[in-house]
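Structure assessment
Chain by chain, the residues run as shown.
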Amino acid sequence: MEALQLFNKNETYNGFYVMLMVNHLQMLYFFLIMPRFLIHPYMIWVIIAVGILSQLNILLLSKWFLTRFSTEGYNGFVQLFGKKLVRLLSFIGLFFILLKILVIMLGFSEMLQVFMFPATDSNWLIFFILLSCLYVAWKGVEKTIRFVVISFLFTFWMILFFAFFFFPPIAQLSDLYPIIPMELSLDSWKGILLIFSSFSGPEFLVFLGPWFKTNNNTFRYLSYGNALTVIEYVFLYTASLFYFGSNYLSKSQFPIVTMTRYFQNPVIERIDMVMLSLELFNIVFGVSIFLLLFYGASKIATGKMERPSSRVGFLFSVFIILIGMVLVNEWIWKSDEKQVILLNLQILAGSLSYLVVPITIIVVMKIKGVNKHETAQKDG
C-alpha cells in the first residue's frame, strides 16, 4: 500500500499564498464571536493599535522565514532547540492546536444549528464539517495550502455587503461615540486581549516554512495579510456598531451573521444562509491546516518523526479530536457559563502563543548566533 504523502514537498508557494494564509487564519475567530465582546466604539482604535502591534510579530516571523532553519522544517527546529526540547514543545503545542480547533469547530457548528439546521444535533454537524476538513487535509500540506485561494474567492467578496450598513437610515454617527474612553474597565482589558488573540494564527506558519518560497519580499506579503485583516476587522466592527448600537451589540449571540439576515434580494430570499455556507470554506481551510499540524506535532511528541505518515495514525489523531470535540460539546459548550470559560481560555492561549512563539524563535536564533551567512537564498 502506498504511503500517505501528507508532508511531501514538491513545490513551494509564493508570497501571495503567505498573504492569504495570514489573513484567513486571523479571520477565523472574528466571524464567530468578536463583535459582541468588544461593545465599546473606541475599540475601533484598539483594533488598529493591536494590528500595528501584530505587525511587530509579523516582522519577527519574517526574520525566521529568511533563515535556512525554516526551510529545513523539523530538522531546523532540532538544530536550534535540540531534539528533547522540540519533543517537549510539540507536546505542549498539541494543547494549543486542539484548543483552537475546538473553539472554531464548536462555534461554527453552533452557528449552523442556530441559523440553518435548528432540528439537527450539533454533534452531527461537527462530524460532517470535520469530515470535510479531513478530506482536504488528506490531500497533504501542499494542496491544503493551495485551498486557501478557493477559500479566498468564496469569502472575501462578502465583506462588500456590509457597506450597506454605513448609509442612512440605519447608520447613525452617534453609534460611534465615545471615540475616546474615559476609563478602562475589566471588560475593556478583556476586549483588548481578545483582539490580540484574534490576530493570532500566523505564528503557526513557522512550521510550514519548507513549503514557502521566501525572500526579501516575504515581510511585505506577511504585512499585506495583516493589514487586510485590520481593514476587515474595522469595517465589520463599525458596521456592527451602526446596526446594533453599542448598547445592544452584546445582546446578539452572533452579530455578524445576524446582520446578514437583514439583506434582501428578489432572487435569493435568505442571503445569510448562502453567506454562512460559503464561510464554511474558510473554516475547512483553517481546521485542515490545524489537523495536519496536530498530526505532525503528535508524531514529534511520540518520537515517531522518522517514520512515514500512516493512514491509521492520521485517522486515529482525527478520531481523537472528534471524540474530544463531542465530549466538550456535550459537557462544556452547551452550558453558557462553561462556554465562557473555554472562550476565555482560548483568548489567553491565543494571545500567549502569538506573543511567545515569534519572540522565542528570535531569542534562540540570537543565542545560537544565527546570522546572515546562515540565511536561505531563494528566488521568487
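What you see is a predicted model; the values in this text were computed from it and never measured. (Residues numbered from 1 in each chain as written. Predicted model: local features only at pLDDT ≥ 70, side-chain atom pairs only at ≥ 80, totals over all residues. Heavy atoms only, no water.)

Attention shifts here to the overall build of the chain. In terms of regular secondary structure, the chain is built from 15 helices and zero strands. For the chain, the C-alpha radius of gyration of 21 Å lies close to 21 Å, the compact-globule estimate for 380 residues. Along the three orthogonal principal directions, the C-alpha set of the chain runs to about 60 × 45 × 40 Å. Here the chain, with 380 residues, has 53% of them falling under the buried criterion. Long-range contacts, defined as pairs at least 24 residues apart, comprise 87% of the intrachain contacts of the chain with a sequence gap of at least 6. Separation between the mean location of the 27 positive side-chain charges and that of the 20 negative ones in the chain comes to 11 Å. (Helix = DSSP H or I, 4+ residues; strand = E, 2+ residues; numbered from the N terminus. Rg over C-alpha atoms; globule rule 2.2 N^0.38 Å. Buried < 20%, exposed > 50% of the residue type's maximum accessible area, 1.4 Å probe, protein only. Contact = heavy atoms within 4.5 Å. Lys, Arg positive; Asp, Glu negative; His and termini not counted. Charge placed at Lys NZ, Arg CZ, Asp CG, Glu CD.)

One can describe the packing of helix H13 (residues 271–301) onto helix H14 (residues 311–333) by two numbers: an axis separation of 10 Å at closest approach and a directional angle of 115°. As the angle between them shows, H13 and H14 are arranged roughly perpendicular. In this structure, H13 crosses over H14, and the sense of that crossing is right-handed. On H14, the residues touching Leu291, Leu292, Phe294 and Tyr295 of H13 are Gly313, Phe314, Ser317, Val318 and Ile321. (Axes fitted to C-alpha atoms, helices over the stretch in contact; angles between N-to-C directions. Parallel < 35°, antiparallel > 145°, perpendicular 65-115°, else oblique. Left-handed = near helix turned anticlockwise from the far one by under 90°.)

The next thing to look at is the pattern of salt bridges. A full pass over the atoms with the stated rule returns five salt bridges. With a shortest N-O distance of 2.4 Å, Arg146 and Glu11 are connected by a salt bridge. Highlighted residues: Arg146 in helix H8 (residues 141–155) and Glu11 in the segment before helix H1 (15–30), separated in sequence by 135 residues. Given the relative accessible area of 32%, Glu11 is considered partly exposed. Between Lys334 and Glu330 there is a salt bridge, and its shortest N-O distance comes to 2.9 Å. Taken together, the salt bridges that share partners define one network made up of Arg261, Arg270 and Asp272. (Salt bridge = Lys/Arg side-chain N within 4 Å of Asp/Glu carboxyl O.)

A few words now on a nonpolar patch on the surface. A cluster of nonpolar residues, Trp45, Ile48, Ile52, Leu173, Tyr177, Ile179, Ile180 and Met182, forms a patch on the protein surface that exposes about 940 Å² of accessible area. Residue classification places Trp45 among the exposed residues on the basis of a relative accessible area of 53%. (Patch = residues over 30% accessible without salt bridge, like charges linked within 9 Å, V, L, I, M, F, W, Y side chains within 5 Å. Areas by Shrake-Rupley, 256 points an atom, 1.4 Å probe, with all protein chains shown as cover.)

Just geometry here; none of it tells us what the structure is for.
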